[in-house]
Amino acid sequence: MNPAIRSRGTALRAAGNAVAEALGRDALKRFLVHLDLQGSSPYTVRDYRQDVEVFLAFLEAHGHRQLATVERKTVEAYQKYLHEEYRDRQRGRRLRPGSQQKKLCVMREFFRFLYREGAVFVDPAAAIEMPRVPRRLPGGFLALQEMDRLLAQPDLETVLGYRDRAWMELMYSCALRIGESVALRIGDVDLADGYLTVHGKGNFERRVPIGKTAAAFMREYIASVRPRLERDDSETLFLNRFG
């Protein structure tokens, strides 16, 4: 790391609490009271205070003595500082895009509060462009061998075991959520055409193909196993031991 950048970043971080006394201390106090009255948790108020103090330290280092003098170019310079120079206090690393975005959101909310109460005449952070945060794919996928072992767990010699295997095969084949599978009705299964009608969130309905293995298990379940669990005229596809 460039020694000049390191020393500058250290100085700015060390100035955080002290600079609040010289710049924006009353505004920060009012902002924190506002957050508390809005029902924010103590941890949220603490994090907001720390993020605002980082911003105030940056302003002090750049010669600002009043919040009313802050312009959009200053806000953009702060954004660049967070991206290129600021280091995480605990790890000493550059901020990730998500952490940069959080600090910028706090700054924007701080100025929005000041603008609403008339402390500044222009909101310099209103149109700031937030950094893009890469979307992560969900983890925790099972390997093929692990999925095979999971599917082999139910005892196919029992009624409930066969039901569980048919249920698991259908979920696996059609990529169903648990809630979607529980909500299935007998009429949602079209084995003739090999499709399943799924009722998702927000009453969204989709039609998905059923794989051959899942279709075979479902055909046997509907024809021979489900009737042994049925106690009334329920349309629910997967029944429990009480019907």
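Residues numbered from 1 in each chain as written. Predicted model: local features only at pLDDT ≥ 70, side-chain atom pairs only at ≥ 80, totals over all residues. Heavy atoms only, no water.

## Concerning the side chain of T197
Phase 1 of the analysis: Here T197 is to be found in strand β2 (residues 195–199).
Phase 2 of the analysis: Every residue in contact with T197, bar those within four places of it in the chain, is listed here: L184, D188, E205, R206 and R207. (Helix = DSSP H or I, 4+ residues; strand = E, 2+ residues; numbered from the N terminus. Contact = heavy atoms within 4.5 Å.)

## Considering the pairing of β2
Phase 1 of the analysis: Pairing of strand β1 (residues 189–190) with β2, which is carried by 2 bridges, proceeds in the antiparallel orientation. Bridge pairing in β2 places D190 opposite Y195.
Phase 2 of the analysis: The hairpin formed by β1 and β2 contains 4 residues between the paired strands, and G194 there has a positive phi angle of roughly 80 degrees.
Phase 3 of the analysis: Where β2 lies against strand β3 (residues 205–209), 5 bridges are found, and the strand directions are antiparallel. The residue bridging V198 from the neighbouring strand is R206, located in β3. (Pairing = 2+ DSSP bridges.)

## Notes on the pattern of salt bridges
Phase 1 of the analysis: All told, the structure shown has 15 salt bridges when counted by the stated rule.
Phase 2 of the analysis: Between E117 and R30 there is a salt bridge; the shortest N-O distance is 2.6 Å. On the criterion of sequence distance, the pair formed by E117 in the loop between α6 (97–116) and α7 (144–151) and R30 in helix α3 (residues 25–37) is long-range, its members being 87 residues apart.
Phase 3 of the analysis: A relative accessible area of 36% means that E117 is categorised as partly exposed. (Salt bridge = Lys/Arg side-chain N within 4 Å of Asp/Glu carboxyl O. Buried < 20%, exposed > 50% of the residue type's maximum accessible area, 1.4 Å probe, protein only.)

## Considering the sheet that holds β1
Pairing between the strands of a sheet is mediated by backbone hydrogen bonds and can be parallel or antiparallel.
Phase 1 of the analysis: The strand order across the open sheet formed by 3 strands is β1-β2-β3, and the pairing between neighbours is antiparallel. Edge positions in the sheet fall to β1 and β3, since each has one partner strand and no second.

## Looking at the confidence of the model for the chain
Phase 1 of the analysis: In this model, the chain carries an average pLDDT of 83, and 85% of its residues clear a pLDDT of 70 or more.
Phase 2 of the analysis: Here residues 1–22 is modelled with pLDDT under 50, and outside its nearest four sequence neighbours on either side it reaches 26 contacts, counting other chains as well. (pLDDT = per-residue confidence, 0-100.)

## Describing the packing of helix α5 (residues 72–84) against α6
Phase 1 of the analysis: Running from N to C, α5 and α6 cross one another at 155 degrees; their axes reach a closest spacing of 10 Å. Judged by the inter-axis angle, α5 sits roughly antiparallel to α6. The chirality of how α5 crosses α6 is right-handed. Between α5 and α6, the contacting residues are V75, Y78, Q79, L82 and H83 on the first element and Q100, K103, L104 and M107 on the second.
Phase 2 of the analysis: For the contact of α5 with α6, the residue count by class is 5 nonpolar, 3 polar and 1 charged. (Axes fitted to C-alpha atoms, helices over the stretch in contact; angles between N-to-C directions. Parallel < 35°, antiparallel > 145°, perpendicular 65-115°, else oblique. Left-handed = near helix turned anticlockwise from the far one by under 90°. Nonpolar A, V, L, I, M, F, W, Y, C, P; charged D, E, K, R; others polar.)

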